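Spelled out from the first residue to the last, the chains are:
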Amino acid sequence: MSGKKWILLVAGSKGWEHYKHQANVCLHYQLIKRHGIPDDQIVVMMYDDIAHSKENKVSKGEIVSIIDGLDVYSGVPKDYTGKDVTPENFLSALRGDTNTNKKFIESGPNDNIYVYMTGLGTEDGFQFPDKALSPKDLIGTIKNMHTENKFSKMVIYMDSDYSGLMFEGLTDVNVFALTSCHKYIENTPADYDAQRKVYLSDLFSSTWLRHLNDVDFSKDTFTELVNTKQSKYLKDNPDEACPCRFGDKKITQCHLREFLQK
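Conventions and cut-offs
Residues numbered from 1 in each chain as written. Predicted model: local features only at pLDDT ≥ 70, side-chain atom pairs only at ≥ 80, totals over all residues. Heavy atoms only, no water. Salt bridge = Lys/Arg side-chain N within 4 Å of Asp/Glu carboxyl O. Helix = DSSP H or I, 4+ residues; strand = E, 2+ residues; numbered from the N terminus. Buried < 20%, exposed > 50% of the residue type's maximum accessible area, 1.4 Å probe, protein only. Expected span 1.5 Å × (residues − 1).

A. A look at the pattern of salt bridges. Per the stated rule, a full pass over the model turns up 12 salt bridges. A salt bridge links Lys 20 to Asp 202, with the shortest nitrogen-to-oxygen separation between them at 2.9 Å. Of this pair, Lys 20 sits in helix α1 (residues 19-33) while Asp 202 sits in strand β10 (residues 198-202), and the two are 182 residues apart along the sequence. Judged on exposure class, the residue Lys 20 and its partner Asp 202 are both buried. With its nearest N and O atoms 3.6 Å apart, the salt bridge here joins Glu 148 to Lys 150. By relative accessible area, Glu 148 is classed as partly exposed at 49%.

Below, the structure written as structure tokens:
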């Protein structure tokens, strides 16, 4: 029996200089909404200090897309903002804690979960505004969810510095993770906006989001982008950040619709 599709979108940073992370999340939300996933199955975490920032003089109240330059901020749910963007709340939302008093993933054994995280990384883990999410806490939560039959399959895309360190302990628990780079290097920024004087994305997210904008979710699989784009990127940029794969790689054969389309 086919289950529900659950989405968790996270921008871990704050501040105008990190515009790209909230821009990534907002664009990703719009791309997913286009394919019919309802808001009650999407959880969004972002600090929400960019669109209405005093530094946003070019397009007040907006966050722009790398694809067409149009606003992608309007309509994005504000499930967790400001001080609520924490590793603790992220893990609670992911594992479906009912005592959070906020939106959380209510997944069951037949459901698929897609998690997208974009932000800063440190050697301690994925950085939220005030503290880092450790690899131990993330992997521990995933393993507990698997034991408790809280999902059928899970895909995690993480775009941050040193992101490869987050999934070294990921065993075969029906989870596939793709990180923007390995544990020793930083991200590569992309799509510089001279007017706003900020990057609008990172190379990993820019490639992924443009891909999602163009492909047929019913025909395209997760492995298409990994195999075609990664091999070309490594050939062209041998010393740059590169995507790293962890967990159950058979999941990359799944069509995008199994996670990202109603």
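There is more to say, and it comes next.
B. How the structure looks around helix α4 (residues 203-214). Its 12 residues place the ends of α4 17 Å apart at the C-alpha level, agreeing with the 16 Å of an ideal helix rising 1.5 Å per residue. Taken as a whole, α4 has its buried residues at Phe 204, Ser 205, Ser 206, Trp 208, Leu 209, His 211 and Leu 212.

Honestly, it's all geometry; don't read function into it.
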